[in-house]
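Listed below, chain by chain, are the residues.
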Amino acid sequence: QNLEMVEYLKWKHNTEKKREEGKLEGGKLKEKLERGVVQELTDENFETKTNKGIWVIDLYADWCGPCMLLDPVFHALADKYPGEKVKWGHVNADMNPNCFDKYSPNGDLPYCVILSDGLKKGETVGFSTPADFEKEMSGLLSNLNIEKIN
């Protein structure tokens, strides 16, 4: 598990370097614009945006250490899926308590939920390693016939 964390930290360093060099924009590679873009969701726009299609949503808080570790992994995973099949969103739990209370009733962070036409189809709670998170999310999306872009 420590080896996976070392690999994650190397990946994070390289991601930040690319961002500084202008090769990353908003968590996605410029040359992969057709892939998933993470949108900021709020109490006001959540229901309207997520009532159609498949959404992967990360509920987070700025003060949450595991949430901050998950953020670049979440963006990288969004890059691996076709944007026309699955949409990706962030919800700041502190700023949007209605979404947080509805989807994470136990108050767990980070908390990711997969919705299909507004209905909950899967969830992940917490964050251990990038590899574990990607494996769990890939399995949940595969159950909905959503596969990664090669």
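Above this note sits the structure.
Here the structure is a predicted model, which is why all the values come from computation and not from measurement. In this convention, every chain numbers its residues from 1, walking through the sequence in written order. Two thresholds apply to this predicted model, a pLDDT of at least 70 for residue-level local features and 80 or more for giving and counting side-chain atom pairs, whereas whole-chain, interface and lining totals are computed over all residues. Computation of side-chain values: all heavy atoms of the structure, hydrogens and water removed.

Brief notes about the side chain of His90
Next, step 1: Secondary-structure assignment places His90 in strand E5 (residues 87-92).
Next, step 2: Only protein chains enter the calculation, and the probe is 1.4 Å; a residue is then buried if its accessible area is under 20% of its type maximum, exposed if over 50%, and partly exposed in between. Looking at His90, the relative accessible area reads 7%, which means it is buried.
Next, step 3: One polar contact links His90 to Asp58, side chain to side chain, over a distance of 3.0 Å.
Next, step 4: Contacts are assigned to residue pairs with any non-hydrogen atoms lying within 4.5 Å of each other. The contacts of His90, once residues within four sequence positions are left out, are Val38, Gln39, Glu40, Leu41, Asp58, Tyr60, Asp71, Phe74 and His75. Going along the chain from the N terminus, every DSSP run of H or I of four or more residues is numbered as a helix, and every run of E of two or more is numbered as a strand. Pairs of N or O atoms within 3.5 Å make up the polar contacts considered here, provided that, within protein, one atom can donate a hydrogen while the other can accept it, and that residues adjacent in sequence are counted only when both atoms are side-chain atoms.

Structural notes on the sheet that holds strand E7 (residues 119-125)
Next, step 1: Strands sit in the order E3-E5-E4-E6-E7 across an open sheet of five strands; the sheet is mixed. Two strands close off the open sheet at either side, each with one partner strand: strand E3 (38-41) and E7. Each strand axis lies, on average, 25 degrees off the axis of its neighbour in the sheet, ignoring direction.
Next, step 2: When DSSP finds two or more bridges between two strands, those strands count as paired. Across six bridges, strand E4 (residues 54-60) lies against E5 in parallel orientation. In this description, a line fitted to the C-alpha atoms serves as the axis of each element, helices being fitted only across the stretch in contact, and the angle between N-to-C directions of two axes falls anywhere from 0 to 180 degrees.

A short note on the pairing of E7
Next, step 1: With six bridges joining them, strand E6 (residues 111-116) and E7 adopt antiparallel strand pairing. Along E7, the bridge assignment pairs Ile114 with Gly122.
Next, step 2: In this structure, the hairpin formed by E6 and E7 is closed by a connection of two residues, where Asp117 is found at a positive phi of approximately 50 degrees.

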